[in-house]
Amino acid sequence: MATTLNPIYLVGGSKGGVGKSIVALALADYLQRRNANPVLVETDTSNPDVMKAVHGEIECAAFDLDEADGWIGFVNYCDAIRGAAVIVNTAARNQAGVARYGATLASTLDELGRRLVVFWGINRQRDSLELLREFGATFPEATTHVVRNGYFGTADKFALYQDSNIRKSVEAKGKSLDFPDLADRVSDDLRSQRLSVRKATQTLPIGQRAELLRWRALYDAMFAGVIGDA
Ligand SMILES: Nc1ncnc2c1ncn2[C@@H]1O[C@H](COP(=O)(O)OP(=O)(O)OP(=O)(O)O)[C@@H](O)[C@H]1O
Ligand SMILES: [Mg+2]
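Here is a short report on the structure shown in this document.

Calculation notes
- Residues numbered from 1 in each chain as written.
- Chains lettered and ligands numbered in written order.
- Predicted model: local features only at pLDDT ≥ 70, side-chain atom pairs only at ≥ 80, totals over all residues.
- Heavy atoms only, no water.
- Axes fitted to C-alpha atoms, helices over the stretch in contact; angles between N-to-C directions.
- Helix = DSSP H or I, 4+ residues; strand = E, 2+ residues; numbered from the N terminus.
- Parallel < 35°, antiparallel > 145°, perpendicular 65-115°, else oblique.
- Contact = heavy atoms within 4.5 Å.
- Nonpolar A, V, L, I, M, F, W, Y, C, P; charged D, E, K, R; others polar.
- Near = heavy atom within 4 Å.
- Polar contact = N/O pair within 3.5 Å; in protein donor to acceptor, adjacent residues only side chain to side chain.
- Areas by Shrake-Rupley, 256 points an atom, 1.4 Å probe, with all protein chains shown as cover.

At a minimum axis separation of 9 Å, helix α10 (residues 184-192) and helix α12 (residues 206-227) run at an interaxial angle of 95°. In terms of orientation, α10 lies roughly perpendicular with respect to α12. Taking contact as the criterion, the partners of R185, V186, D189 and L190 in α10 are, on α12, Q208, E211, L212 and W215. Of the residues assigned to the contact of α10 with α12, the class counts are four nonpolar, one polar and three charged.

In the vicinity of ligand 1 there are 18 residues, among which K20, S21, N149, L182 and R191 approach most closely. Within the backbone of G19, an N or O atom sits 3.0 Å from an oxygen atom of ligand 1. Within the complex, the protein chains bury 86% of what would otherwise be the 630 Å² of accessible surface of ligand 1. Going through the elements one at a time, α1 (20-33) and α10 are the ones with two or more residues in the shell around ligand 1. A per-element tally of the shell around ligand 1 places α1 first, with three residues.

Dropping the structure here:
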């Protein structure tokens, strides 16, 4: 039953630089190619990098989740675009705002007819896990998947997470995922040229495009394991 509800995919992690933006870009590309009609909610108001990359291709809106007002706008927006899958790119500094105002969203999910699916990016340090515990307290109903970002090493290097209690509670409902590492040369192009993945597959030189497609096939498999084809 719950799986038929239109999702809000929140890409979190709270820590700076864990790969929230690149996972959000990959997710936008994945959903776009499956005609899931994604829209992007950009909440990184100081560096709206994902919005800048995808705004020509998918509908975008920006809200400041540090403020009560931003959460109200965000919830109203989710209501206004009921047919769409919502991708939320969060900012590192949003954690305090989530704890303070996140209930604005949590308490309206039923009425919105939506479920919250979280992709929580982690690196190999402890703080990403502690922040996830805090986040989970605000959104107990969410399905959370932890995303081990291959940029920081292979899955076996995430020993802290592997041995943690939080992994057990995540895997009771969600999954531990491995997000593939993209060659620096290509991720630098994405970043500096503000490219969406789709645009990059059309404009980058052949060598970079080959690497991009290799990477895309890997994250397609990752998302397919938890989202399916819709
Ligand atoms: N899987 C990956 N493959 C290649 N590069 C990566 C990967 N993950 C992260 N990076 C690189 O690491 C840097 C930080 O990634 P990103 O901007 O996605 O993190 P973030 O969590 O959104 O950071 P911020 O908190 O600043 O918003 C970027 O330069 C990005 O290209
Ligand atoms: Mg970011």
